[in-house]
Amino acid sequence: MRGWFLVVLLLAAGQGQALAWGGKGHRLIGELAMKTLPPEAPAFLKTPEAVWRIGQLAQEPDISRGAGQPHDWDLDPGHFVDGMDDGSILGGPRLDALPPSRRDYDTALRAVGTNQYQAGFLPYNLMGGWQQLVKDFALVRLNRAALKHADRFRMTAAQRKEYARALDLRQAITLHDLGVWSHFVGDASQPLHVSIHYDGWGEGANPAGYGTQKGLHAKFETDFVDAHISQADIAARLTPYRPCACAVARRVQDYLLESWRQVTPLYDLDKAGGFDAPTPDSRGFAAARIAVAASTLRDLVADAWRASAESTLGYKVRLTVADLEAGRADPRTLE
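These figures come from a predicted structure and were not determined experimentally.

S.K.: How would you sum up the overall build of the chain? Please name residues and give values.
M.R.: From N to C terminus, the chain includes 16 helices and 2 strands. At 21 Å, the chain has a C-alpha radius of gyration in line with the 20 Å of a compact globule built from 335 residues. Structurally, the chain occupies a C-alpha span of about 75 × 45 × 40 Å along its principal axes. Across the 335 residues that make up the chain, the buried fraction comes to 53%. On the chain, roughly 14700 Å² of surface is accessible, and the fraction owed to carbon and sulfur atoms is 55%. Averaged over its 37 positive side-chain charges, the chain has a centre that lies 8 Å from the centre of its 39 negative ones.

S.K.: Residues and numbers for the packing of helix α14 (residues 263–271) against helix α15 (residues 280–308), please.
M.R.: Here α14 crosses α15 at 145 degrees, and the two axes come no closer than 10 Å. Seen along the crossing, α14 lies across α15 with a hand that is left-handed. Two secondary-structure elements touch here, α14 through P265, L266 and L269 and α15 through D281, S282 and F285. Of the residues that constitute the contact of α14 with α15, the class distribution is 4 nonpolar, 1 polar and 1 charged.

S.K.: So what's going on with the state of the cysteines? Which residues, and what values?
M.R.: With the rule as written, the count across this model stands at 1 disulfide. Each sulfur in the disulfide pair C244 and C246 lies 1.6 Å from the other. Judged by the torsion about the S-S bond (80 degrees), the C244/C246 disulfide is right-handed.

S.K.: Before we move on, could you go through the pattern of salt bridges and cite the residues and values that matter?
M.R.: Here the structure, examined in full by the defined rule, presents 19 salt bridges. The shortest N-O distance in the salt bridge between R306 and E40 comes to 2.6 Å. You can see R306 sitting in helix α15 and its partner E40 sitting in the loop between α3 (22–35) and α4 (48–57), a full 266 residues away along the chain. Since its relative accessible area comes to 35%, E40 is described here as partly exposed. Across the pair R328 and D323 runs a salt bridge, and its minimum N-O distance is 2.7 Å. Relative accessible area serves as the criterion here: at 27%, D323 is assigned to the partly exposed category.

S.K.: Would you mind going over α15 in detail, with residue names and values included?
M.R.: In a regular helix each residue adds 1.5 Å, so 29 residues correspond to 42 Å; α15 covers 42 Å between its end C-alpha atoms and thus fits that length. In terms of residue burial, α15 counts as a mostly covered element, since 23 of its 29 residues are buried.

S.K.: Report on the packing of aromatic side chains, specifying residues and quantitative values.
M.R.: Evaluation of the coordinates by the stated rule reveals 10 aromatic pairs. On the basis of an interplanar angle of 45 degrees and a centroid distance of 5.6 Å, the ring pair of Y210 and Y267 is categorised as tilted. Of this pair, Y210 sits in the loop between α10 (157–187) and α11 (216–228) while Y267 sits in helix α14, and the two are 57 residues apart along the sequence. Take Y210 and Y267: they sit in the same class, and that class is buried. Members of the aromatic cluster, connected to one another through ring pairs, are W21, F220, F224, F275 and F285.

S.K.: Can you explain the environment of T279? Please cite residues and give values.
M.R.: Its location among the elements puts T279 in the loop between α14 and α15. Judged by relative accessible area, T279 falls into the partly exposed class, the value being 30%. Here the alpha-carbon distance between T279 and L269, two residues 10 residues apart in the chain, equals 9.2 Å.

S.K.: Residues and numbers for unusual backbone geometry, please.
M.R.: The omega torsion of the bond from Q69 to P70 falls at 15 degrees, within 30 degrees of zero and hence cis. Mapped onto the elements, P70 comes out in the loop between α5 (60–63) and α6 (71–75). With a phi angle near 50 degrees, L90 is a residue other than glycine that sits in the positive phi range. By the element assignment, L90 lies in the loop between α6 and α7 (102–110).

S.K.: Before we move on, can you summarise the packing of α10 against α15 with the specific residues and values?
M.R.: Axis separation between α10 and α15 bottoms out at 9 Å; the angle between their running directions is 135 degrees. Classified by the interaxial angle, the pair formed by α10 and α15 is oblique. Helix-helix and strand crossings are classified by hand; for α10 and α15 the assignment is right-handed. Of the residues in α15, those in contact with L178, W181, S182, V185 and G186 of α10 are A293, T296, L297, L300 and V301. When its residues are assigned to classes, the contact of α10 with α15 shows 7 nonpolar, 3 polar and no charged.

What counts and what doesn't
- Note on numbering: residues in each chain are counted from 1, in written sequence order.
- Note on the predicted model: pLDDT of at least 70 is required for a residue's local features to be given, and 80 or more for side-chain atom pairs to be given and counted; whole-chain, interface and lining totals, by contrast, use all residues.
- Hydrogen atoms and water are omitted, and side-chain values are computed over all heavy atoms in the structure.
- For the purposes of this entry, the term helix denotes a DSSP run of H or I that reaches at least four residues, the term strand denotes a run of E that reaches at least two, and both are numbered from the N terminus.
- Here the radius of gyration uses the C-alpha set of atoms, whereas the globule reference equals 2.2 Å times the residue count to the power 0.38.
- Think of it in three bands: with a 1.4 Å probe and only protein chains considered, a residue is buried below 20% of the maximum accessible area for its type, exposed above 50%, and partly exposed in between.
- Using a 1.4 Å probe, the Shrake-Rupley method yields the accessible areas, and only the shown protein chains count as cover for residues.
- Asp and Glu are treated as the negative residues and Lys and Arg as the positive ones, with His and the ends of the chain left uncounted.
- Charge positions are represented by NZ for Lys, CZ for Arg, CG for Asp and CD for Glu.
- Every axis in this analysis is a line fitted to C-alpha atoms, fitted for helices over the stretch in contact. Angles between the N-to-C directions lie between 0 and 180 degrees.
- Two helices cross in a left-handed way if the nearer one is turned anticlockwise from the farther one by less than a right angle. They cross in a right-handed way if the turn is clockwise.
- Contact between two residues is taken to exist if any of their heavy atoms lie within 4.5 Å; hydrogens are not considered.
- Note that Gly is not counted as nonpolar here; it falls among the polar residues with everything else outside the nonpolar set of Ala, Val, Leu, Ile, Met, Phe, Trp, Tyr, Cys and Pro and the charged set of Asp, Glu, Lys and Arg.
- Cysteine sulfur atoms that pair up within 2.5 Å are treated as a disulfide.
- The term salt bridge refers to a side-chain nitrogen of Lys or Arg lying within 4 Å of a carboxyl oxygen of Asp or Glu.
- An expected span of 1.5 Å times one less than the residue number is assigned to each helix.
- Between rings of Phe, Tyr and Trp, where Trp is taken as its six-membered ring, a pair exists when centres lie within 6.5 Å; planes separated by under 30 degrees are stacked, by over 60 edge-to-face, and by other angles tilted.
- Relative orientations are named as follows: roughly parallel for angles under 35 degrees, roughly antiparallel for angles over 145 degrees, roughly perpendicular for angles from 65 to 115 degrees, and oblique for any other angle.

Here you go:
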């Protein structure tokens, strides 16, 4: 099972060797995404301290491995999804037609004799993490609006102080959630994280005679990147911000499919020895995959900020972020 592979890799290779994309790759994905956010994105994400934190937190889901069971068994499958050569996930749902929820996904997998823990549930970490970020941003907007319109609603000094403290807390929570989630956005750009051929070709027909020896996974994403890929290599391949104007499920599916289509090109490069002795093609391939992750992360964050402006907050009382920011609604009614 894939989850066992990840745990064994961690124990056998040491923590630094087991990090997907390596600590360096994940750090650069997080940092470059924050440095290239569009002007409309909130300033608290762009400070040098925030950029550093996102880069550090992007490594956290791998660093936390080895905490014990059930911790690892429950979390490790969130780093991957086992796409087969026919585009299905272990013979069940297709990468281009994901069920709407993780529960539905697991039900569909169990119908073909497997489950989400064997197949991996990376797509749902991406979707759920984006939705959490939208909520985080909405709550940041709430506290900002409260301070902006404090005079209008005749807030006391104590109330103003409380909203200021809440804003600091909400921004810190947002940085944490974004940083940890960015790890999974990074995982999804690595072709070996979206394929059954995750460490040597292994399963299925192999007419091209690709290597079956284990070790490719760490050699590509950690050893090769650490030795041969620079921040400048990645930055040169970043694409401009592209808003999606689509459901997050669609964007996630398209992103995963793009990575899945790079499995064969990756194995072609490996067969040619490109990850043993670097070539322009092998270096370009690795840098491009990391750049895709950084560009996608930046775009998703910017889209989440936009989406948060249309959010509704509260339970007993429901208020729109738009009304709060315009000063048409008193935020204290949500308390």
